[in-house]
Amino acid sequence: MHERARFHIKALHGFTGSVGNLVFFVFDVLVLFYYQRVLGLSGVLAGVAILISVIVDAVTDPVIGEWSDRLRARFGRRHTLMFGSVLPMAVFCVLLFVPPANLPPAGLFAWLLVTLVGMRVMLTFFDAPAGAVTAEVAARPADRAEMGIYRQLVGTLAYLGVVYLAFGVFFAATESFPTGQENPRAYAPLGFSIAGALILFMVVAAAGTYRHIRAFERTLPPASKATVNWRKTLLAWLELILKIRNTRALFFGLFLATTMGSCIRALNIHFGTYLWGLQESTVDLGLFQMGQMELWQQAFPIGNLIAVIGARFIVTRTEPKYVYLAGYCMLLSTYVLPLFLTLANVMPAPGSDQLAILLACFHAATGAGAGLIMICSVVMFSETTDEYFFVKNISRTALILALVPFGAKIASGIGKSFSGLLLDWVGFPSVESGAVVTMEVVRTLALYAGVFCSIAGLGGLAMFFTFRLTRDRHREILTGLRERENPVQSASPAG
């Protein structure tokens, strides 16, 4: 492995973050609104399609990751999969936003399901080897930390860009559609634009590390054949989340937090458009002006980026548990407070600039809370791997860390499927039906979503309070592992 990596290699690899963020925007912001409100598909069916796609994504992660480890191909074990996923990803992205006209509900559901599964699987074909490249670019911890920052920075810029394209360009109000996001013709050009950006970012990210990684791969011995034992993996995961207290606390705490966040994010355009009346009219922020919806949506990634960078330095100086707790409380309160305050009629008037700015502040705080949880979860899950190794004398590092993306993806699907259920439950109409979205329906949706997310969030918080691995205890564990590894040196007076 290379000891160091040049700046341009690390920076170009940061474009992997933009790929994930673009797909995140499609799944978390656009899909449910487009298929339920604009195309008229049942919210339950849309939610089920999303849930199935993320389950497929989650279970294919270890398979594709292991395949990448032992693949031998002309363009390398990592980059063959990364380059090979570019065009299929773009095709599925375009197809998602151009379903054939006049499809019956079953046909529209099938179209949504196939395109979502295709996008998620192609993302795994890109992300799984790209994640391994992050570790293989260089051995220095400083280089790896810098790559994480570049990934977050470029990903944030990509997210800000796609928000601008969506709400500042393609969802512009017209005479036929004063609310631009209700215009079905706006989604095809937006889909083509996102697909073009995905092609550019995926090629840049893959090409930026190609020669560097190929030089490393040529030094590797032939890979031994390995198989995935799903039964063994599942039983090991069940032991970790049912019998190991600290792992259980982190897993279910993060699982419920993700479920809560996924539900609210899937309904954000519904709330922004119909509950708060946010428009494309510009808000004067002094140095620049921005549309209300655009301001609100762009606040999240900015708060997230600031918190991620800050948490990297804070978490080394204090208990990660306290930083995690602060992030969790920020996340829970800023997700549900805007809904409950609106229902209590104490928010500024709908459609006002004051309301848009206040909601943007809430959304920035939500992003900051998510950023703190993101960093602390990685640190705390990693420390539980040391604890498990110390207590059981068996290494389960990869298995424990794999719980993070697996649980997050399943929880994301559950949250979105519940959002679809709520939309059908309250009778949220589609554009095609011609029915007007009444304030009574929107407020009922806000009440149900707020209650559900409060229950999920408080449940996750209760689980987190059962976590007991402190920083002092972790130092004792590391000392014990060093003594076990080299008992002679540890027992000497000098040691």
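> How do you make sense of the packing of aromatic side chains when you look at a structure like this?
Where two aromatic rings form a pair, the distance of their centres and the angle of their planes describe that pair. Per the stated rule, a full pass over the model turns up 21 aromatic pairs. When the ring of F15 is compared with that of F201, the centres are 5.7 Å apart and the planes differ by 40 degrees; the resulting orientation is tilted. Here F201 lies in helix α8 (residues 187-217) and F15 lies in the loop between α1 (7-13) and α2 (16-38), a separation of 186 residues in the sequence. For F201, a relative accessible area of 16% gives the class buried. A ring pair is formed by Y34 and Y35, whose centres lie 5.2 Å apart and whose planes are at 80 degrees; its orientation type is edge-to-face. Y34 sits in the buried class, given a relative accessible area of 3%. Taken together, the aromatic side chains of Y34, Y35, F97, F167, F171 and Y187 make up a single cluster linked through ring pairs. In this structure, R120 is placed above the aromatic ring of F27, and the distance from its NZ or CZ to the ring centre is 4.6 Å.

> Help me out: how do you make sense of the confidence of the model for the protein chain in this one?
The predicted coordinates of low-pLDDT regions are not to be read in fine detail. Confidence in the prediction of the protein chain, expressed as mean pLDDT, is 84, and 86% of residues score 70 or more. For the stretch residues 490-495, pLDDT sits under 50, and the model shows 4 contacts to residues farther than four places along the chain or on other chains.

> Explain the packing of helix α13 (residues 320-343) against helix α16 (residues 439-464) here, please?
For any two helices packed against each other, the geometry comes down to the angle between their axes and how far apart the axes lie. Packing of α13 against α16 brings their axes to within 9 Å, and their N-to-C directions diverge by 165 degrees. One way to sum up the angle between α13 and α16 is to call them roughly antiparallel. For the element pair α13 and α16, the recorded crossing hand is left-handed. Of the residues in the contact of α13 with α16, the class split is 17 nonpolar, 5 polar and 2 charged.

> In this structure, what is going on with α2? I would like to understand it.
Two residues of an α-helix separated by three or four positions point the same way, owing to the 3.6 residues in each turn. For α2, built from 23 residues, the straight-helix expectation of 33 Å at 1.5 Å per residue is met to within 8% by its first-to-last C-alpha distance of 31 Å. The axis of α2 is deflected most strongly, by about 50 degrees, at L30. With 21 of 23 residues buried, α2 lies mostly within the body of the structure. The positive-phi residue at the C-terminal boundary of α2 is G40, with phi of around 85 degrees.

> Is there a simple way to explain the side chain of T334 in this structure?
With respect to the helices, strands and loops of the structure, T334 is situated in helix α13. Classification of T334 as buried rests on a relative accessible area of 11%. A polar contact of 2.7 Å, which involves the side chain of T334, links it to the side chain of T366.

> Looking at this structure, I do not really get the pattern of salt bridges. What am I missing?
Oppositely charged side chains can pair when the atoms bearing their charge come close. Enumeration according to the criterion identifies 8 salt bridges in this entry. Between D28 and K416 there is a salt bridge, and its shortest N-O distance comes to 2.8 Å. Separated by 388 residues along the polypeptide, D28 in helix α2 and K416 in helix α15 (residues 397-425) bring together distant segments of the chain. Residue D28 is classed as buried on the basis of its relative accessible area of 5%. Here E476 and R473 are joined by a salt bridge, their closest N and O atoms 3.4 Å apart. Taken together, the positions of E476 and R473, both in helix α17 (residues 471-485) and 3 residues apart, correspond to about one turn of that helix. E476 gets classed as partly exposed once you look at its relative accessible area, which sits at 48%.

Definitions and limits used
One numbering rule holds for all chains: residues counted from 1, following each sequence as written. Given that the model is predicted, a residue must reach a pLDDT of at least 70 before its local features are reported, and side-chain atom pairs must reach 80 or more before they are shown or counted; all residues, however, enter totals for whole chains, interfaces and linings. Side-chain descriptors were evaluated using all non-hydrogen atoms of the structure, hydrogens and water having been removed beforehand. Only the six-membered ring of Trp is used, alongside the rings of Phe and Tyr, when aromatic pairs are assigned; centres must lie within 6.5 Å, and planes under 30 degrees apart are stacked while those over 60 apart are edge-to-face, with the rest tilted. Numbering of helices and strands runs from the N terminus; a helix is a DSSP stretch of H or I covering at least four residues, while a strand is a stretch of E covering at least two. To sort residues, take the accessible area from a 1.4 Å probe on protein chains only and compare it with the maximum for the residue type: under 20% means buried, over 50% means exposed, and anything in between is partly exposed. For a ring to carry a charge above it, either NZ of a lysine or CZ of an arginine must fall within 6 Å of the ring centroid while also lying within 35 degrees of the normal to the ring plane. Each residue carries a pLDDT score, the predictor's confidence in it, ranging from 0 to 100. Working rule for contacts: check all heavy atoms of both residues, and any pair within 4.5 Å makes them a contact. Working convention: axes come from line fits to C-alpha atoms, limited for helices to the stretch in contact. Angles between N-to-C directions cover 0 to 180 degrees. Here the word oblique covers every angle except those under 35 degrees (roughly parallel), over 145 (roughly antiparallel) and from 65 to 115 (roughly perpendicular). Left-handed describes a crossing whose near helix is turned anticlockwise from the far helix by less than a right angle; the clockwise case is right-handed. Residue classes follow a fixed rule: Ala, Val, Leu, Ile, Met, Phe, Trp, Tyr, Cys and Pro count as nonpolar, while Asp, Glu, Lys and Arg count as charged, and any other residue, Gly among them, counts as polar. By this rule, a helix spans an expected 1.5 Å times one less than how many residues it contains. Bending is quantified residue by residue as the angle between axes fitted to the seven-residue window ending at that residue and the seven-residue window starting at it. For the purposes of these results, a polar contact is taken to be a pair of N or O atoms within 3.5 Å, where, inside protein, one atom must be able to donate a hydrogen and its partner to accept one; residues adjacent in sequence count only when each atom of the pair is a side-chain atom. Definition used for salt bridges: Asp or Glu carboxyl oxygen within 4 Å of a side-chain nitrogen of Lys or Arg.

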